[in-house]
Each structure stands twice: as structure tokens, then as C-alpha cells.
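# Remarks on the overall topology
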Amino acid sequence: MIDLRDLRDEDEATLYQWRREAEVDRWMSDAAFPSPEAHQEWFNRLRDDSGRRGWMIVRGDAPQGLLTLAGLDSHHRRGEWAFFIGAPDARGRGVGRAAQVLGLDKAFGELGLLKVWAEVMADNDAALKAQTAAGFRREGYLRGHVLKDGEPRDVVLLGILAEEWRERRDAARKALAEAHLIAA
Ligand SMILES: CC(C)(COP(=O)(O)OP(=O)(O)OC[C@H]1O[C@@H](n2cnc3c(N)ncnc32)[C@H](O)[C@@H]1OP(=O)(O)O)[C@@H](O)C(=O)NCCC(=O)NCCS
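Just so it is clear, the structure is predicted and the values come from calculations on it, not from any experiment.

Rules of the game
- Sequence order sets the numbering: in each chain, residues are counted from 1 along the sequence as written.
- A pLDDT threshold of at least 70 governs which residues receive local features in this predicted model, and a stricter bar of 80 or more applies before side-chain atom pairs are shown or counted, although totals over entire chains, interfaces and linings include all residues.
- Helix numbering and strand numbering both begin at the N terminus, where a helix is a DSSP run of H or I of at least 4 residues and a strand a DSSP run of E of at least 2.
- Residue burial is a threshold on neighbouring C-beta atoms within 10 Å of the residue's own C-beta, all placed from the backbone, with 20 or more meaning buried, 12 or fewer meaning exposed, and counts in between meaning partly exposed.
- Each residue is represented by a C-beta atom placed from its backbone, and any two residues with such atoms within 7 Å are regarded as in contact.
- Any residue whose backbone-placed C-beta atom lies within 6 Å of a molecule or strand is treated as near that molecule or strand.
- In this count, Pro and Cys sit with the nonpolar residues alongside Ala, Val, Leu, Ile, Met, Phe, Trp and Tyr, while Asp, Glu, Lys and Arg are called charged and the others, Gly among them, polar.
- The criterion for strand pairing is that DSSP finds at least two bridges linking the strands in question.
- Consider the strands pointing away from the viewer: the crossover is right-handed when the path from the first strand over the helix to the second runs clockwise.
- To define a nonpolar core, we join buried Ala, Val, Leu, Ile, Met, Phe, Trp, Tyr and Cys residues through C-beta atoms within 7 Å and take the resulting set.
- For helices, the axis comes from a line fit to the C-alpha atoms of the stretch in contact; other axes are also lines fit to C-alpha atoms, and the angle between any two N-to-C directions lies between 0 and 180 degrees.
- Should an angle fall under 35 degrees it is called roughly parallel, over 145 degrees roughly antiparallel, and 65 to 115 degrees roughly perpendicular, with every other angle called oblique.
- Helix crossings fall into two classes, left-handed where the near helix is turned counterclockwise from the far one by less than a right angle and right-handed where it is turned clockwise.

### Section: the environment of A98
When you line up the elements, A98 lands in helix 4 (residues 95–108). Note on A98: 26 C-beta atoms within 10 Å, which makes it buried. For A98 and D149, which are 51 residues apart along the polypeptide, the C-alpha to C-alpha distance reads 32 Å. The residues contacting A98, other than those within four sequence positions of it, are I2, L176, L181 and I182.

### Some details on the site of the ligand
Every one of the 21 residues lining the ligand counts as a neighbour, but G96, R97, A126, K129 and A130 are closest to it. Every element with two or more residues in the shell around the ligand is listed here: helix 2 (22–25), strand 4 (78–85), helix 4 and helix 5 (125–133). A breakdown of the residues in the shell around the ligand according to their chemical character gives 11 nonpolar, four polar and six charged.

### Some details on the pairing of strand 5 (residues 115–121)
On a regular strand, each side chain points to the face opposite its neighbour's, so the side chains alternate between the two faces of the sheet. Going residue by residue along strand 5, you find V116, A118 and V120 tucked away on one face and K115, W117, E119 and M121 left uncovered on the opposite face. By the bridge criterion, three bridges tie strand 4 to strand 5 in an arrangement that is parallel. Bridging from a neighbouring strand, G79 pairs with V116 of strand 5. For the segment spanning strand 4, helix 4 and strand 5, crossover handedness is right-handed. In this structure, strand 5 lies alongside strand 7 (residues 151–161), joined through seven bridges in antiparallel fashion. Bridged to M121 within strand 7 is V155.

### Let's talk about the nonpolar core
Counting residues in each nonpolar core, the largest one holds 36 residues, and the members touching the most others are I57, L66, A98, A99, V101 and L104. Among the elements that line this core, the one with the most residues is helix 4, at seven residues.

### Here we look at the packing of helix 1 (residues 11–19) against helix 3 (residues 36–48)
As a packed pair, helix 1 and helix 3 sit with axes 10 Å apart at the nearest point and diverge in direction by 120 degrees. Relative to helix 3, the element helix 1 lies oblique. When the axes of helix 1 and helix 3 are compared, the crossing they make is right-handed. Contact with helix 1, carried on its side by E12, L15, Y16 and R19, involves P36, H39, Q40 and F43 of helix 3 and no other residues of that element. Grouping the amino acids of the contact of helix 1 with helix 3 by side-chain chemistry returns four nonpolar, two polar and two charged.

### Section: the sheet that holds strand 3 (residues 62–70)
Across the sheet, which stays open at both edges, the seven strands sit in the order 1-2-3-4-5-7-6 with mixed pairing between neighbours. The strands lining the two open edges of the sheet, one partner per strand, are strand 1 (2–6) and strand 6 (137–148). Pairwise comparison of adjacent strand axes, ignoring direction, gives a mean angle of 30 degrees for this sheet. Two strands pair when backbone bridges link them, and strand 6 and strand 7 are joined in this way by eight bridges, in the antiparallel orientation. Its bridge partner being in strand 7, K148 is matched across the sheet by E151. Sitting on the sheet, helix 6 (residues 162–178) is in contact with strand 5 and strand 7, with an inclination near 65 degrees to strand 7.

### Side note on the environment of R137
Positionally, R137 belongs in strand 6. R137 sits in the exposed class, given 12 other C-beta atoms within 10 Å. Residues R137 and A184, spaced 47 residues apart in sequence, show a C-alpha to C-alpha distance of 27 Å. Not counting the four nearest positions on each side in its chain, R137 is found in contact with L158, G159 and I160.

Now the structure itself:
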């Protein structure tokens, strides 16, 4: 079963290892690959900053990826979404699909958000397909919006509203439970 759990101290090392994976690094828009110290600082901020939440995506006890929401202290009640599946052999097996349902449930349930939005590089077909399948809609296209390895790259803006999630939620959870990806 796929689940989301709160971050633990030992996750920092796993996340740093994943961050080095070419297939993960490829889609990250940070200024440069982080030093171990910068990564530790980022991890501490993710855990301590009241405007952010981060969860490990796990299958049983095994970490598979990371899901984060940022900007939660905004009075607009929206959160900026990011996620990746870090374990290479976990991709393409429904883990991302399940994590999105669980994450959107937390965002619109427990956290009471009205909107979740994301920036995705325009050529990241897998992420765009996965997020569209989860109910995100395309809201914009930003040309040359981020610099990746010194090259300007286009970005797609995606968003999902609380009422759109409410309409999808039961069917999405039922389908995942039938696929034995989440508990019924
Ligand atoms: C993109 C990503 C999060 C998707 O998660 P995943 O667990 O691999 O995806 P799932 O197996 O749950 O598939 C969900 C949907 O995503 C799409 N998808 C997944 N992998 C895909 C691929 N390689 N190419 C095209 N579409 C893909 C499909 O639409 C799929 O639905 P389907 O099974 O009904 O066809 C994951 O592959 C990943 O983290 N990749 C590397 C880093 C990255 O791109 N992160 C996102 C940055 S925004």
C-alpha cells in the first residue's frame, strides 16, 4: 500500500541521494546542485517552516518519493505543489498516482486549502500527464521562465480547486483501493 508519512531525520540522506539522480535533477529548477550543507538547510526548513509541509511517499516501510506543499502561510489558502518518485524502480507503477490522491486529500481536507498549484517544466511529459490525470488543469504557459544549467526553459502552470477535487475524490480513492494501491 502507498502512504504519506511525516519526515524523519534519516530521510535527509535518502532525499540527498535521490536529488543526485539524473532523472530527478533534470526537472529541478534550483540555481545549482546543492552542497550537503545546503541540502541539510533545505531539509530543516522544510520541517520547521510553518508555511511548508513535506511527506515521504512510502510503499509499506520503503521510501519511494517526496511530496511537498509550500506557501501555506499565504492568506489565499493555496499551496504550491511539488513531488517526485526518487526510487528509479518505483516509477511508472502507480505510486505517483496514489501519492497525488493522498496529497490532494491532505491539502483540501486536513489543511483546508482552496487551491493547489504547480509549475512543471513544459517538456516534462510524464509529470504533465500524471498531474493532468490527477485532476490538475493547465492555467498558463510561461516562456523562458526558469534557468536550468544556464538555459532558459518554458514552464506550464497547473492548478486544481477544492471543489474540483471534491467532485473527483471518491472515484479516485475507489479506483486506487481496487488497484490495491491504497487501503480501502
Ligand atoms: C512524474 C512522476 C512523478 C510520475 O509518477 P509515477 O509513479 O512514475 O507515475 P504513475 O505510474 O503513478 O503514473 C501516473 C500517470 O502518469 C503518466 N506517466 C507516468 N510515467 C510516464 C512516462 N514516463 N511518460 C508519460 N507519462 C507517464 C501516465 O499518464 C500515468 O497514467 P497511466 O498509468 O494511466 O498511463 C515520476 O515518474 C517522477 O518523479 N519522475 C521523475 C522526476 C519528475 O519528473 N518529477 C516531477 C517534477 S514536476
